[in-house]
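Secondary and tertiary structure notes
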Amino acid sequence: TQVNGQRKYGGPPEVWDGPPPGARCEVFISQIPRDVYEDLLIPLFSSVGALWEFRLMMNFSGQNRGFAYAKYGTAAIANDAIHLLHGYPLGPGARLSVRCSIEKRHLCIQNLPASTRQEELLQVPSSPNRFKS
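We now turn to the structure provided with this report. Since the structure is predicted, the reported quantities are computational estimates derived from the model, not experimental observations. (Residues numbered from 1 in each chain as written. Predicted model: local features only at pLDDT ≥ 70, side-chain atom pairs only at ≥ 80, totals over all residues. Heavy atoms only, no water.)

Once that is clear, we can look at unusual backbone geometry. The phi angle at Arg24 is positive, at roughly 70 degrees, despite the residue not being glycine. On the secondary structure map, Arg24 appears in the loop between strand S2 (6-10) and strand S3 (26-30). According to the relative accessible area criterion, Arg24 is exposed, its value standing at 52%. Here the phi dihedral of Gln31 falls at roughly 65 degrees; this positive angle occurs in a residue that is not glycine. Tracing the backbone shows Gln31 in the loop between S3 and helix H1 (38-46). The exposed category is assigned to Gln31, whose relative accessible area is 54%. (Helix = DSSP H or I, 4+ residues; strand = E, 2+ residues; numbered from the N terminus. Buried < 20%, exposed > 50% of the residue type's maximum accessible area, 1.4 Å probe, protein only.)

What follows is about the environment of Gly18. Locating Gly18 in the fold gives a position in the loop between S2 and S3. A relative accessible area of 43% means that Gly18 is categorised as partly exposed. Put simply, Gly18 and Gly73 are 55 residues apart on the chain and 8.5 Å apart in space, counted from C-alpha to C-alpha.

A word on the state of the cysteines. Across all of its chains, the model carries 0 disulfides by this definition. Residue Cys25 stays outside any disulfide, its sulfur separated by 9.0 Å from that of Cys100, the closest cysteine. Assessed through its relative accessible area of 4%, Cys25 is described here as buried. A relative accessible area of 25% places Cys100 in the partly exposed class. (Disulfide = S-S within 2.5 Å.)

As far as function goes, none of this settles anything; it's purely spatial.
Pasting the structure below:
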């Protein structure tokens, strides 16, 4: 399925038994040659372990953008993929880069008193009402 500039394969595998993947279960794949697609990548990344999901980033002309994400059921399998496939050759001068994917996370803090200092924000709040005035 292609949605918002990416082609998605998977979701929960048919024989999945367990919770959805947690932190550190996804790998970021880069240095993918522009003429390589899922027909080669999915079997390669499935050879390490069952894929939960595979996403290949695409441009609007249908060419891959050179990077993808593979999500596995456990962090251990994702780590195996990094060790086994980082540097994997896909042709003359083309080697995959496979690294742990870090999800983008944003923290939004609103309605702080004007007197709040940066040092206070960097500390773990001791109570949920710490910044209330």
